[in-house]
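Chain by chain, the residues run as shown.
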Amino acid sequence: MAGTAFAETPVPGGTKPVKMVVLGDSLSAGLGLSASAAFPARLKRSLEANGIVVDMINAGVSGDTASGGRDRLDWSIPEGTDAVIVELGANDALRGVDPSVTRAALTDILARLKARGIAVLLCGIVAPPNYGSDYSARFNAIYPDLAKSFGVPLYPFFLEGVATQARLNQADGLHPTAEGVDVIVQNILPTVQAFLGAISGQRS
């Protein structure tokens, strides 16, 4: 749950675990899934299978917009956090929120995390086509623009390989099944590994 303190994970050999938070919406909260099948839990498992030990907090809140994530940022990201994966904006796109509002909220999130010295991996969302090409162009540009301006790594589309694949989504067609989450984790894992590798020197 959001705001939960880190539980220290004993690590053989004295290696300090990376304290990581996934700040997101229902796609990371794991709507319709068990806690163990949600994205943060599955990512933690995959990282540790590759020798990267993490203390993971799932700060996903179903229904949250980028503005909602900004408003709860301080209590969702505890002191001592090393890294945050920001996965927000899907609800903004579904509801047709003005892209300038989404951009402003994500900008504030990145600025505040940078001020705290926390490394960020930004996950992009692609707007559905129903609001027209102008909306999609304005919305889709948010993520690469912010990644460039803040100098943070970008995973271009969080649902890569899963969106529109019926067998990998629940009945609503929007939220991944447990199998869909595993596909997301498999696809994003190299990016997360590179992200954590880049910050490991700063923590030694």
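Everything here concerns the structure above.
Rules used throughout
Residues numbered from 1 in each chain as written. Predicted model: local features only at pLDDT ≥ 70, side-chain atom pairs only at ≥ 80, totals over all residues. Heavy atoms only, no water. 1 Å grid on protein atoms, 1.4 Å probe; cavity = no way out; pocket = protein on both sides within 12 Å on 5 of 7 lines; lining within 4 Å. Points joined across faces, edges and corners; volume = space filled by probe spheres on them. Axes fitted to C-alpha atoms, helices over the stretch in contact; angles between N-to-C directions. Helix = DSSP H or I, 4+ residues; strand = E, 2+ residues; numbered from the N terminus. Parallel < 35°, antiparallel > 145°, perpendicular 65-115°, else oblique. Contact = heavy atoms within 4.5 Å. Nonpolar A, V, L, I, M, F, W, Y, C, P; charged D, E, K, R; others polar. Salt bridge = Lys/Arg side-chain N within 4 Å of Asp/Glu carboxyl O. Buried < 20%, exposed > 50% of the residue type's maximum accessible area, 1.4 Å probe, protein only. Core = buried A, V, L, I, M, F, W, Y, C linked by side-chain atoms within 4.5 Å. Phe/Tyr/Trp six-rings, centres within 6.5 Å; stacked < 30°, edge-to-face > 60°.

A. Representation of empty space enclosed by the protein. In the structure shown here, the tally under the stated rule is 1 cavity of 30 Å³ or more. Within this model, the largest cavity holds a volume of roughly 40 Å³. Forming the boundary of the largest cavity are Ser-26, Leu-27, Gly-30, Leu-31, Leu-33, Gln-170, His-175, Pro-176 and Val-181.

B. Main features of the packing of helix 7 (residues 133-140) against helix 8 (residues 142-150). It is the contact of helix 7 with helix 8, at a shortest axis distance of 5 Å, that shows an interaxial angle of 20°. It follows that helix 7 is roughly parallel to helix 8 by the angle criterion. In this structure, helix 7 uses Arg-138, Phe-139 and Asn-140 to contact helix 8, whose residues at the interface are Ile-142, Tyr-143 and Pro-144. Partitioned by chemical class, the residues of the contact of helix 7 with helix 8 number 4 nonpolar, 1 polar and 1 charged.

C. Layout of the pattern of salt bridges. Considering all chains together, one arrives at 11 salt bridges under this definition. The closest approach of N and O atoms between Arg-138 and Asp-98, which form a salt bridge, is 3.0 Å. You can see Arg-138 sitting in helix 7 and its partner Asp-98 sitting in the loop between helix 5 (90-95) and helix 6 (99-115), a full 40 residues away along the chain. Under the relative-accessibility criterion, Asp-98 is labelled partly exposed at 36%. Notably, a salt bridge pairs Arg-167 with Glu-179, separated by 3.0 Å at the nearest N-O pair. Taken together, the residues span a long stretch of sequence, with Arg-167 in the loop between strand 5 (154-155) and helix 9 (178-203) and Glu-179 in helix 9 at a distance of 12 residues. Looking at Arg-167, the relative accessible area reads 59%, which means it is exposed. Relative accessible area serves as the criterion here: at 44%, Glu-179 is assigned to the partly exposed category.

D. Quick peek at the layout of surface pockets. A volume near 410 Å³ is recorded for the largest pocket. Looking at the largest pocket, it is lined by 20 residues, and the ones nearest its centre are Leu-94, Val-126, Leu-159, Ala-163 and Leu-174. At the level of secondary structure, the elements contributing two or more residues to the lining of the largest pocket comprise helix 1 (26-29) and helix 5. The biggest single contributor to the lining of the largest pocket is helix 5, with 4 residues. Among the residues making up the lining of the largest pocket, the classes are represented as 13 nonpolar, 6 polar and 1 charged.

E. View of the nonpolar core. By size, the foremost hydrophobic cluster in this structure holds 61 residues, and its most contacted members are Leu-43 and Leu-196. By residue number, the principal contributor to this core is helix 9, which donates 10 residues. Residues within four places of Leu-196 in sequence aside, it is in contact with Val-18, Met-20, Leu-47, Ile-52, Val-54 and Ala-83.

F. Molecular detail of the packing of aromatic side chains. For the coordinates displayed, the defined rule picks out 4 aromatic pairs. Note on Tyr-131 and Tyr-135: the rings are 5.3 Å apart at their centroids and 50° apart in plane angle, and the pair reads as tilted. Here Tyr-135 and Phe-139 contribute two aromatic rings whose centre-to-centre distance is 6.0 Å and whose plane-to-plane angle is 15°, an arrangement assigned as stacked. You can see Tyr-135 and its partner Phe-139 sitting in helix 7, 4 residues apart, about one turn around the helix. Look at Phe-139 and you get buried, because its relative accessible area is 0%.

All quantities given are derived from atomic positions and should not be read as evidence of function.
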